[in-house]
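Observations on the model geometry
For reference, the chains in residue letters:
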Amino acid sequence: MWSSQHIALNHITQQHMLKYITFFILSHLQIELHVHLDGAVRVETILDVAKRRGIALSACTVEDMTQICVIHQPATLTEFLGKFAEYMHVIAGDREAIKRIAYEFVEDKAKEGVIYVEVRYSPHLLANTDVEPIPWNQKE
């Protein structure tokens, strides 16, 4: 037979366990409130799309392209944004590439334990026609 003392102790233990489980879950799951899609592209995808579209890049391997796209020391905003010019011309205007990037973005966030993300993109920067000026020095 359960005593009232045992029931109270069991209730406290359950509350403690619930708090621990909640803390554990919340400390391992993430929320990201401001992520730019065009800044979260897999380097492998850049290389694949460039190859498919016949676009030459400054690098041919993931390692080399990563070195080109990464800021290695503190930099100005202009230097940071300049990194986008290394690859945006590869994906801009390519609907299949943009779909792939969006899909891979969600995959990556799920693997990282992100349960909620607010992703942003600029239709103007991902377009390549009927936009003035044409971004990324692309051809129409």
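What you see as residue numbers is a count from 1 along each chain, following the sequence as written. Reporting of local features is limited, given that this is a predicted model, to residues whose pLDDT is at least 70; pairs of side-chain atoms are given and counted only at 80 or more, and all residues count toward the totals for whole chains, interfaces and linings. Water and hydrogen atoms were dropped before computing side-chain values, which therefore reflect all heavy atoms in the structure.

Considering only enclosed or pocket space, the largest pocket measures out at about 340 Å³ in volume. Note on residue categories: nonpolar means Ala, Val, Leu, Ile, Met, Phe, Trp, Tyr, Cys or Pro, charged means Asp, Glu, Lys or Arg, and polar means any other residue, Gly included. By residue class, the composition of the lining of the largest pocket is eleven nonpolar, four polar and two charged. Only protein atoms enter the 1 Å grid used here, on which a cavity is any set of points holding a 1.4 Å probe that cannot leave and a pocket is any open set flanked by protein within 12 Å on both sides along at least five of seven lines; residues with an atom within 4 Å of a point are listed as lining. Grid points are joined across faces, edges and corners, and a volume is the space filled by probe spheres set on the points.

Further remarks concern the packing of aromatic side chains. Here the aromatic set is Phe, Tyr and Trp, taking the six-membered ring for Trp, and pairing holds for ring centres within 6.5 Å; pairs whose planes are under 30 degrees apart are stacked, those over 60 apart are edge-to-face, and all others are tilted. Across all of its chains, the model carries two aromatic pairs by this definition. Relative to Phe84, the ring of Phe80 has its centre 5.9 Å away and its plane inclined at 80°; by these criteria the two rings are edge-to-face. By relative accessible area, which is 13% here, Phe84 ends up buried. Three or more aromatic residues joined by ring pairs form one cluster here, namely Phe80, Phe84 and Tyr87. A simple rule labels every residue: compare its accessible area, found with a 1.4 Å probe on the protein chains alone, to the largest value its type can have, and call it buried under 20%, exposed over 50%, or partly exposed in between.

Here we take up the packing of helix α2 (residues 43–53) against helix α3 (residues 62–69). Orientation is described by lines fitted to C-alpha atoms, with helices fitted over the stretch in contact, and by angles between N-to-C directions that extend from 0 to 180 degrees. Per the convention used, a helix needs a DSSP run of H or I reaching at least four residues, while a strand needs a run of E reaching at least two, with both numbered from the N terminus. Where α2 contacts α3, the axes come no closer than 9 Å and their chain directions differ by 110°. One element, α2, and the other, α3, form an angle in the roughly perpendicular class. Note on element contacts: α3 touches α2 through Val62, Met65 and Thr66, opposite Val43, Glu44, Ile46 and Leu47. Counted by class, the contact of α2 with α3 contains five nonpolar, one polar and one charged residues. Under this scheme an angle from 65 to 115 degrees is roughly perpendicular, one under 35 degrees roughly parallel, and one over 145 degrees roughly antiparallel; angles in between are oblique. We call two residues in contact when some of their heavy atoms are within 4.5 Å.

Side chains of Met17, Tyr20, Ile21, Phe24, Ile25, Leu26, Leu29, Ile31, Leu33, Ile115 and Tyr116 sit close together on the surface and give an oily, nonpolar patch of about 1,100 Å² of accessible area. Elements with a minimum of two residues in the nonpolar patch: α1 (4–28), β1 (30–36) and β2 (114–120). In terms of residue count, the dominant contributor to the nonpolar patch is α1 (six residues). As for its placement among the helices and strands, Leu29 is situated in the loop between α1 and β1. Residues qualify for a patch when their relative accessible area is over 30% and they have no salt bridge, like charges being joined within 9 Å and the nonpolar side chains of Val, Leu, Ile, Met, Phe, Trp and Tyr within 5 Å. Exposure was quantified through the Shrake-Rupley algorithm and a 1.4 Å probe, taking into account, for residues, occlusion by the shown protein chains and nothing else. Any Lys or Arg side-chain nitrogen found within 4 Å of a carboxyl oxygen on Asp or Glu counts as a salt bridge.

One pass over the structure, following the stated rule, counts ten salt bridges. Glu32 is the salt-bridge partner of Lys109, the closest N and O atoms lying 3.3 Å from each other. Of this pair, Lys109 sits in helix α6 (residues 95–111) while Glu32 is found in strand β1, placing the two residues 77 residues apart along the sequence. For the pair formed by Lys109 and Glu32, the shared burial category is buried. With its nearest N and O atoms 2.6 Å apart, the salt bridge here joins Asp108 to Arg42. One end of the pair, Asp108, is in helix α6; the other, Arg42, is in the loop between β1 and α2, with 66 residues separating them in the sequence. The partly exposed category is assigned to Arg42, whose relative accessible area is 23%.

What is shown is where atoms sit, not what they do.
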